[in-house]
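Each chain is listed here by its residues.
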Amino acid sequence: MVIVVNRRGPVTACHVARNPLLAEDKRATVKGSEPLSEVPLVSLSHSCLTMNLLLLAMGLILLGGPHALHMGPGDPNFDEKLVKGKWFSVALASNEPKFIAKDTDMKFFIHKIQVTPVSLQFHFHRKVRGMCVPTMMTAHKTKKKFQYTVNHSGHKTIFLEKVDPKHFVIFCAHSMKHGKETVVVTLFSRTPTVSPDVMWMFKKYCKTHGIHASNIVDLTQTDRCLHARH
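These figures come from a predicted structure and were not determined experimentally.

Draft legend 1. Highlighting the overall build of the chain. Across its full length, the chain holds 3 helices and 10 strands. Each helix and strand of the chain, ordered N terminal to C terminal, gives the series α-α-β-β-β-β-β-β-β-β-β-α-β. Looking at the chain residue by residue over its 230 residues, the buried ones come to 39%. Considering only contacts in the chain between residues 6 or more positions apart, those separated by 24 or more positions represent 52%.

This is the structure in structure tokens:
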């Protein structure tokens, strides 16, 4: 930070870069000290612009709420059709404990995904009183890419997030009930298990969305209704 003497008090380098009048004295000095070396205005201006852009981005995230955290796949031109086919539920995380409890009947185990021009169709098995019951959930496409809505046990917004169509995919669902937001994150794999690197990446993703490590469940250690798959 560069400080110059000003009747209105100290000013930062950003003020100098933005105000040519303050820059007329090219050798800015601090009262009672030796003259400071010249500071290129172009460099100062670029630094200030970068800082302002970062602050703006942070502000937009805060104003946008949790949805602003969703960036979708790394490739903005990713073809959603590539997520079709058979999958295995590998990990589950939520900020709401009832969705990850050991004996809960709210766990869904993926079997396959079908892609239509207007939706993603998730074919699951659900444990009900120890029985594996097939069920389907339709996520309707929205005007926003990689974002879907579901009217299943209340309104939900689902985001297609990180994906390697030959190996894994992460979906994140948000729902609001009685003023409380619930976040559920799922990791699907093309094989019954995933590599430690993929699991680490999933845990890191959950952490960035405010889900504690204790609320992440490794489903490979549970009965995922694999015997019921056809």
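Draft legend 2. Spotlight on the pairing of strand 4 (residues 119-128). Buried residues dominate strand 4, accounting for 8 of its 10 residues. Sheet analysis places strand 3 (residues 108-115) next to strand 4, joined by 7 bridges and oriented antiparallel. Along strand 4, the bridge assignment pairs Lys 112 with His 123. Counted along the chain from strand 3 to the antiparallel partner strand 4, the turn is 3 residues long. Bridging between strand 4 and strand 5 (residues 131-141) involves 10 bridges; their strand directions are antiparallel. Pairing of Lys 127 across the sheet is with Cys 132, part of strand 5. If you look at the hairpin formed by strand 4 and strand 5, you'll find 2 residues sitting between the two strands, and Arg 129 has a positive phi there, around 50°.

Basis of the calculations
Just so you know, the residues in each chain are numbered from 1, in the order the chain's sequence is written. Only residues with pLDDT of at least 70 are given local features in this predicted model, and only at 80 or more are side-chain atom pairs given and counted; all residues enter the totals for whole chains, interfaces and linings. Heavy atoms throughout the structure, all of them, feed into the side-chain values; hydrogens and water do not. Only DSSP runs of H or I reaching four residues or more are called helices, and only runs of E reaching two or more are called strands; each is numbered from the N terminus. In this scheme, a residue with accessible area under 20% of its type's maximum is buried, one over 50% is exposed, and one in between is partly exposed, where area comes from a 1.4 Å probe on protein chains only. Residues count as neighbours in contact if any of their non-hydrogen atoms are within 4.5 Å of one another. Strands were regarded as paired on the criterion that DSSP finds at least two bridges between them.

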